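Architecture at a glance
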Amino acid sequence: MMTTTITDIQDLIEHVQRYNPGAKVDMIRRAYDFSAKAHEGQVRKSGEPYLQHPLAVAEIMAALRLDVPAIVAGLLHDTVEDTICTQEQIEEEFGKDIARLVNGVTKIGKIHFKSYEEKQAENFRKMVISMADDIRVILIKLADRLHNMRTLEHLDPAQQKKIAQETIEIYAPLANRLGIGWMRAELEDLCFKALNPDVFATLSERVSKQVEEREQYILEVIGIVRGKLAEHGLVGDVAGRPKHLYSVYQKMEAQEISFEEVYDLTAIRVITDTQMNCYAIMGLIHSLWRPVPGRFKDYIGVPKSNHYQSLHTTVAGPKGEHVEFQIRTREMHRVAEEGIAAHWTYKEGGQIDEQEKTVFTWLRQLLESHQDLTDNRQFMESVKLNLYSDVVYVFTPKGTVKELVKGSTPIDFAYAIHTEIGDHCNGAKVNGKMAPLKYQLRNGDAVEILTSPAQVPHKDWLKFVKTPRAKTKIKHWLRVEEGKRSLELGKRLLERELRRHNLSLGTLLKTARLHEIAEESGLPGPEELMTAIGYGRLSAIHVSNRLAPEGQAAPPSPVQDAPEKAPTKRPAGDEKSVKVKGVDDLMIRLSKCCSPVPGDRIIGYITRGRGLTIHTVDCPNMDALDYDKARLVEVDWDAAHPGTVPVKITTLTMDRPGMLANISAAITNADANISRAEITTRDDRKAVLDFIVEIQNTAHLDRILKAVESIQGVLQARRVRTWQDAK
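For clarity, every value in this text was computed on a predicted model and none was experimentally measured.

In terms of helices and strands, the chain carries 29 helices and 21 strands. Within the chain, the fraction of its 727 residues that count as buried is 48%. Sequence-distant contacts in the chain: of pairs separated by 6 or more residues, those separated by 24 or more amount to 66%. Of the accessible surface of the chain, which amounts to about 35,700 Å², a share of 50% is contributed by carbon and sulfur atoms.

Here's what the structure looks like:
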């Protein structure tokens, strides 16, 4: 779609006037002059004047046919962040509307974050909040990111990969969700080029060569279709469209096929005048060539969440070669190209009304994720789930269509209707028959939810629900209930210990002493103090001793009289290499589900009666555990107490004599001890060798794996993690 290059402000103004003749172009010119003065003397990494960047961003906004305030905000979007200009100056010069847009795009500054990822998450969170008020904020940000990706080669390779990775994970899927197909395709190809330059170059050359070879074939198919349309009096513009490189690469990866097995490198698009003619043309094409089973999609009858509408069908064309057709009206094509901008270009303030907001369910879910999730890691995971997921369309008993993440269950459906229905869901009927709550819904299923006041969310639900909304709501309920239980338990434990000092909790609550102890423990008040005791983060004995009058000896405690278990000592094994921040007197053990190794990023989870369990931060079981933040403890590896930890390594080798001896020798030479070995031979003349190896850290593990993979006959060597259910 982007074919023009803007070199000066007059080009931009003429572009805007072509689609909006009544545009107030004097404001665009003033914004250009303001931006030129603000960025005077600044240059980009490429060496060109910095002003070329905001000008290019404004041109992308014009390509989306946006209004004057959006174009102006595009010209000004970096002035507050990168110059001495202030938000107040923007508002005074251009008004509140434009100042609000610029503020929504301006990154968060002057705040210390623990990591680059946390800062990016907070920037994205701010953008999501701004997007709720004005959709143009995200369009400006996408235009900004697109131009940065177009000029990415001027940065060093490490920066290129970091920006490209973030773009492929967040911004390209976001462009897709907003329905801006050309922008998503360009962003994906630019990321592909930065992240896999060699694969990109090879695939680009091969696709170009094959498209040239198939050009005559595609022209032949287009000629046949045009002739048949004229013969039947049907209106239709027919043209071929090469698929973008990243989509070809994705297909090869997903289907595990070679390039030679990808047949539909070119799609043929037919644009007609009415919806009825879309179906008529599809029927005509199916009468010419046999449709490929499972390759027909009706996005007109059931549009995508971003309003995309089109008929997709693949047929076995002349000579039996697969040809993909996309059939749509001119208006559908405009929406497919411009996406959300086609709907809200000229709306007051770029706002989305409630009816339209319900169509963009993913936007509503992003906003709910922001409200319910304070942890940046969880928030970004929720964002990615919302942006990436394939969808299924299911029906309520009244026939309303609900869009859900692929793999969703009746519980996800229940929460999509209302939180109360989700919380009390105890059964479901799918297509009139009872179905288990774990049942994965399919396109076209009609779902009826059964509820009971006695039913409440269960931790096990987190193991199979798919939608971010359902996960967030379940975790919220569990967190609240767990807090209530821990408060009650902590209160009972503290009361019991205080009685041994002849003290009353009720009396102490009326004094300032309990508040003082809470503050000394880093807690807001007595309620939080008792909750921490209930969780196991604080000892009731320790708190009661501090509350006792000075000089009063601590009475004998059943716990203290018990045989010495030395709770303050850590186990003498691998766990001594873990240090805990802010928590004492806890037994520590490494989780068996993810088998953390020094060098992995880790987190601790308090389990009553079992001390602190150490997980890797990416352990899938943490999804069912981290609903309760009070139980999560910051931990790190203790470099002062190095040790070894067992890790499982599996190798796939050719079934040859001496392989076990060679691999064992390589592991031993890498300064590692083998505690167990197991061999399994396969029918395909290959063998699987599993080892339990004592290692020092992840760097040591990498060294072992490289040593093993260098052995002739070894096909693969990797670390194994047993992702078991959390207990």
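Turning to the nonpolar core, a few remarks are in order. Among the nonpolar cores identified, the biggest contains 74 residues, and Leu 12, Ile 28, Ile 71, Leu 76, Met 183 and Leu 203 are the most heavily contacted of them. The leading source of residues in this core is helix α9 (residues 136–150), at eight residues. Grouped together as the second largest cluster of nonpolar side chains are 33 residues, Val 578, Val 580, Ile 606 and Ile 711 included.

Bringing the sheet that holds strand β19 (residues 673–681) into the picture now. Here four strands make up an open sheet; going across it, the order is β19-β20-β18-β21 and the pairing antiparallel. Of all the strands in the sheet, the pair left with one neighbour each is β19 and β21 (714–720). Across the sheet, the mean angle from the axis of one strand to that of its neighbour is 20°, orientation sign disregarded. Pairing of strand β18 (residues 645–654) with strand β20 (residues 686–695), which is carried by 10 bridges, proceeds in the antiparallel orientation. When the sheet's bridge partners are listed, Thr 651 is paired in β20 with Leu 689. Helix-sheet contacts for helix α28 (residues 659–669) involve β18, β19, β20 and β21, and the interaxial angle to β20 is about 25°. In the packing of helix α29 (residues 698–709) onto the sheet, contacts are made with β18, β20 and β21, and the angle to β21 comes to roughly 160°.

This part takes up the side chain of Ser 310. When you line up the elements, Ser 310 lands in the loop between β4 (297–298) and β5 (311–316). In this structure Ser 310 comes out as buried when scored by relative accessible area, which is 0%. A polar contact is formed between the side chain of Ser 310 and the backbone oxygen of Ile 327, at a distance of 3.3 Å. A distance of 3.4 Å separates polar atoms of two side chains, one belonging to Ser 310 and the other to Arg 328. Other than its neighbours up to four places away in sequence, Ser 310 contacts Lys 297, Asp 298, Tyr 299, Ile 300, Gln 326, Ile 327 and Arg 328.

Here we come to the environment of Arg 676. As for its position among the elements, Arg 676 is in strand β19. Separated by 18 residues in sequence, Arg 676 and Glu 694 place their C-alpha atoms 9.9 Å apart.

Our focus in this paragraph is the sheet that holds strand β9 (residues 425–430). If you walk across this open sheet you meet the three strands as β10-β9-β11, and the pairing is antiparallel. What marks the edges here is a single partner per strand, and that holds for β10 (433–435) and β11 (447–451). Averaged over all pairs of adjacent strands, the angle between their axes in this sheet comes to 35°, without regard to strand direction. Direction of pairing for β9 relative to β10: antiparallel, over a ladder of three bridges. Within the sheet, the bridge partner assigned to Val 430 lies in β10 and is Lys 433. Of the strands in this sheet, β9 and β11 touch helix α20 (residues 410–417), which is tilted by about 85° from β11.

Running from N to C, helix α1 (residues 9–19) and helix α3 (residues 52–63) cross one another at 10°; their axes reach a closest spacing of 10 Å. Taken together, the axes of α1 and α3 are roughly parallel relative to one another. Read as a crossing pair, α1 and α3 show a hand that is left-handed. Where α1 abuts α3, its residues Ile 9, Leu 12, His 15, Val 16 and Tyr 19 lie against Leu 55, Ala 58, Glu 59, Met 61, Ala 62 and Ala 63. Of the residues that constitute the contact of α1 with α3, the class distribution is nine nonpolar, one polar and one charged.

For the rest of this paragraph, the subject is α28. Burial in α28 covers these residues: Met 659, Ile 663, Ala 666 and Ile 667. In a view along the axis of α28, the buried residues occupy a sector of 95°, so they form one face of it. Residues of α28 that are exposed and point over 90 degrees away from its buried face: Ala 661 and Asn 669. Looking at the buried positions of α28, the neighbouring elements they touch are β18, β19, β20, α29 and β21. Positive phi shows up at Asp 671, right after α28, with a value of about 65°.

Quick notes on the rules
Residue indices follow the written sequence of each chain, beginning from 1 at its first position. In keeping with the predicted nature of the model, local features appear solely for residues at pLDDT of at least 70, side-chain atom pairs appear and are counted solely at 80 or more, and the whole-chain, interface and lining totals rest on all residues. Processing note: side-chain calculations cover all non-hydrogen atoms of the structure and skip hydrogens and water entirely. Put simply, DSSP marks the helices as runs of H or I at least four residues long and the strands as runs of E at least two long, and each gets a number from the N terminus on. Three exposure classes are used, based on accessible area relative to the maximum for each residue type with a 1.4 Å probe and protein chains only: buried under 20%, partly exposed in between, and exposed over 50%. When checking whether two residues touch, look at their non-hydrogen atoms; a contact exists if any pair is within 4.5 Å. Under the convention used here, a 1.4 Å probe and the Shrake-Rupley method define accessible areas, while residue burial counts only the protein chains that appear. Buried Ala, Val, Leu, Ile, Met, Phe, Trp, Tyr and Cys residues that are joined via side-chain atoms within 4.5 Å together make up what is termed a nonpolar core. Being paired, for any two strands, means DSSP has found at least two bridges between them. Geometry is summarised by axes, namely lines fitted to C-alpha atoms with helices restricted to the contacting stretch, and by angles between N-to-C directions that run from 0 to 180 degrees. Between N or O atoms, a polar contact is any pair within 3.5 Å; within protein, one atom must be a potential hydrogen donor and the other a potential acceptor, and residues adjacent in sequence are included only when both atoms are from side chains. An angle below 35 degrees is read as roughly parallel, one above 145 as roughly antiparallel, one from 65 to 115 as roughly perpendicular, and any other as oblique. Left-handed describes a crossing whose near helix is turned anticlockwise from the far helix through less than a right angle; right-handed describes the clockwise counterpart. Any residue that is not Ala, Val, Leu, Ile, Met, Phe, Trp, Tyr, Cys, Pro, Asp, Glu, Lys or Arg is counted as polar, Gly included; the first ten are nonpolar and the last four charged. The arc in question is the one traced by the directions running from the helix axis out to the C-beta atoms.

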